[in-house]
Amino acid sequence: MKKGGNLSYRKMERRDFLKKSGLISTGILASTSAIAAISNNIGANSTINIGVIGTGSRGAGLIPILNRIEGVQVAACCDVLPFRLENGLKRAGNKAKGYSDYRKLLDNKNVDAVLVSTPFNTHSNIAIDAVDAGKHVYCEKTMAKGIKGIQALVNKASTSKNIFQTGHQYHSSRLYNHVVKMIKNGEIGEVISFDCQWNRNGDWRRKVPDASLERAINWRMYREYSGGLTAELSSHQIDFIHWILGENPKKIMGVGGIDYWKDGRETYDNTHLLFEYPSGVKATFTCLTSNALGDYQIRVHGSKGTIQLDYTKAWIYYEKGFEKEIADVDGVSGATKNPHLQGNGNLINVQSIDPTKQALIDFKDAIVDNKTPISNVYTGASTAVAVQLSLDAMYSEKIVHWKDEYNF
């Protein structure tokens, strides 16, 4: 966002919204009817039967949440590993059917929607098959691996009448929505830069009951299946910044390495990325697995102030000369101590349930109301391309530029 350039920014934001919403795409004009205008025959009082494809740690963890949402029932589970399928079925309850082949699950006419929580490299093919089967799709982040896989999924989903939601759950956080509105309304002035981190201290591995299952269980460690820390963690923060700016990065550079966990992994145990956007805004993304100081943070720096976010809380720090008297105006309350920063900031006080649960509720509501989710195939594609270009930049040790063909 350029100083004094609100009009040009609004034009840019509208243009990118049209691109991301599918009204403009590469060789495709996706009409409203192509997105979600045809009735899906699920009423407000109907139960939506969901099939969970991939019942590993993420998929199995979502099953109890789904079953606690009114009007939603996990009716089927699928996994290629028998012990994981058994765990998924146990969590789902006695009514769920089990499958080792996801295509058989898709043949089940009683299943209205699917949640895809399989290894990253399988997302595109499974989601495309699910769209072809007439299912509503909730595809976990990152949406798809590789430019061709992303393009194929966008082209398929953009012609479907059913709902497609990407699992960047912070898009559903009421707190994050409020913060985005504050920033777009100029609360911190001209946005200058973003600093993002997601640090942990642990080898990021899963226990393997048999050595033959190493790659199936620890797929995140291998480049063939995974985008590593960038796809699994930083993608959420990349998605957030695209949401605020309404634009895709102009160029991406980065470094990473396997510098601590010498255990045969192929994906990096630390990553450091720098994005430059067409508006001139810069963004950094750091992920560590050998130091957890600060955990998860996003800092949005503006000419009038800074907003600091963690998973469920946010603070605003006004620059000198732009301080305000705070009295619970617009969700901002009195000064509080932020453990991540020195000094006091004003708490942005917005009630919000767990973003993951809210995202699944939003998916259900999108199906019932027949509306395009805020985190959809186009926003998901924008983030997925940025993830792929980040990997290309780190692996090739080159600066990578965004191409027009990536604007869906």
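These lines cover the structure that appears in this document, whether it is placed above or below. (Residues numbered from 1 in each chain as written. Predicted model: local features only at pLDDT ≥ 70, side-chain atom pairs only at ≥ 80, totals over all residues. Heavy atoms only, no water.)

Let's shift gears to the pattern of salt bridges. According to the stated counting rule, one finds twelve salt bridges in the structure shown. Where D132 meets K156, a salt bridge forms, and the shortest distance between an N and an O atom there is 2.8 Å. With D132 in helix α6 (residues 123-132) and K156 in helix α7 (residues 147-157), this pair connects stretches of sequence that are 24 residues apart. Measuring nitrogen to oxygen at the nearest pair gives 3.3 Å for the salt bridge that ties D362 to R174. Here D362, found in helix α11 (residues 355-369), pairs with R174, found in helix α8 (residues 174-184); they are 188 residues apart in sequence, far enough to count as distant. You can call D362 buried: its relative accessible area is 15%. Within the structure, one salt-bridge network assembled from shared partners comprises R205, E214, D263 and R265. (Salt bridge = Lys/Arg side-chain N within 4 Å of Asp/Glu carboxyl O. Helix = DSSP H or I, 4+ residues; strand = E, 2+ residues; numbered from the N terminus. Buried < 20%, exposed > 50% of the residue type's maximum accessible area, 1.4 Å probe, protein only.)

With that settled, the discussion passes to the packing of aromatic side chains. Evaluation of the coordinates by the stated rule reveals 13 aromatic pairs. Seen in terms of ring centroids, W198 and Y296 are 4.7 Å apart; in terms of plane orientation they differ by 80°. Their pairing is edge-to-face. On the criterion of sequence distance, the pair formed by W198 in strand β7 (residues 191-199) and Y296 in strand β11 (residues 296-302) is long-range, its members being 98 residues apart. Both residues of the pair, W198 and Y296, belong to the buried class. (Phe/Tyr/Trp six-rings, centres within 6.5 Å; stacked < 30°, edge-to-face > 60°.)

Glancing now at the side chain of N49. Its place among the elements puts N49 in strand β1 (residues 48-53). Judged by relative accessible area, which is 17%, N49 ranks as buried. Leaving out residues up to four positions away in the same chain, N49 has contacts with Q73, A75, N110, V111, D112 and A113. (Contact = heavy atoms within 4.5 Å.)

Core analysis: the biggest nonpolar cluster contains 86 residues, and F164, F194 and F240 have the highest contact counts within it. Setting aside residues up to four positions removed in sequence, F240 forms contacts with Y176, V179, V180, I298, V300 and L309. Within the second largest apolar cluster, 25 residues are counted, among which are V52, I65, V72 and I367. (Core = buried A, V, L, I, M, F, W, Y, C linked by side-chain atoms within 4.5 Å.)

Once that is clear, we can look at the pairing of strand β5 (residues 136-140). For β5, the tally of buried residues reaches five of five residues, placing the bulk of the element in the interior. A two-sided burial pattern is seen for β5, the buried positions comprising H136, Y138 and E140 on one face and V137 and C139 on the other. The pairing of strand β4 (residues 113-116) with β5 spans four bridges and is parallel. Residue V116 lies in a different strand from β5, and its bridge partner there is C139. One ladder, built from four bridges, connects β5 with strand β6 (residues 164-167); its direction is parallel. Paired with C139 across the two strands is T166, which belongs to β6. With α7 bridging β5 and the parallel β6, this β-α-β connection has right-handed handedness. (Pairing = 2+ DSSP bridges. Right-handed = clockwise from strand over helix to strand, strands pointing away.)

Bringing the environment of W204 into the picture now. Among the secondary structure elements, W204 is positioned in the loop between β7 and α9 (214-217). Under the relative-accessibility criterion, W204 is labelled buried at 13%. For the pair W204 and S290, spaced 86 residues apart in sequence, the C-alpha separation works out to 9.9 Å. In this structure, W204 is in contact with R220, M221, G228, L229, E232 and R265, ignoring residues within four places of it in sequence.

Of the volumes computed, that of the largest pocket is approximately 870 Å³. Only α3 (57-67), α6, α9 and α10 (228-245) provide two or more residues apiece to the lining of the largest pocket. (1 Å grid on protein atoms, 1.4 Å probe; cavity = no way out; pocket = protein on both sides within 12 Å on 5 of 7 lines; lining within 4 Å. Points joined across faces, edges and corners; volume = space filled by probe spheres on them.)

Taken in spatial order, the six strands line up as β3-β2-β1-β4-β5-β6 in an open sheet, and their pairing is parallel. Taken across any chain shown, the strands that pair with only one partner, and hence form the sheet edges, are β3 (97-99) and β6. Strand after strand, the sheet turns through a mean of 25° between neighbouring axes, direction not considered. Running over the sheet, α11 touches β1, β2 (72-78), β4, β5 and β6 and is turned about 160° from β5. (Axes fitted to C-alpha atoms, helices over the stretch in contact; angles between N-to-C directions.)

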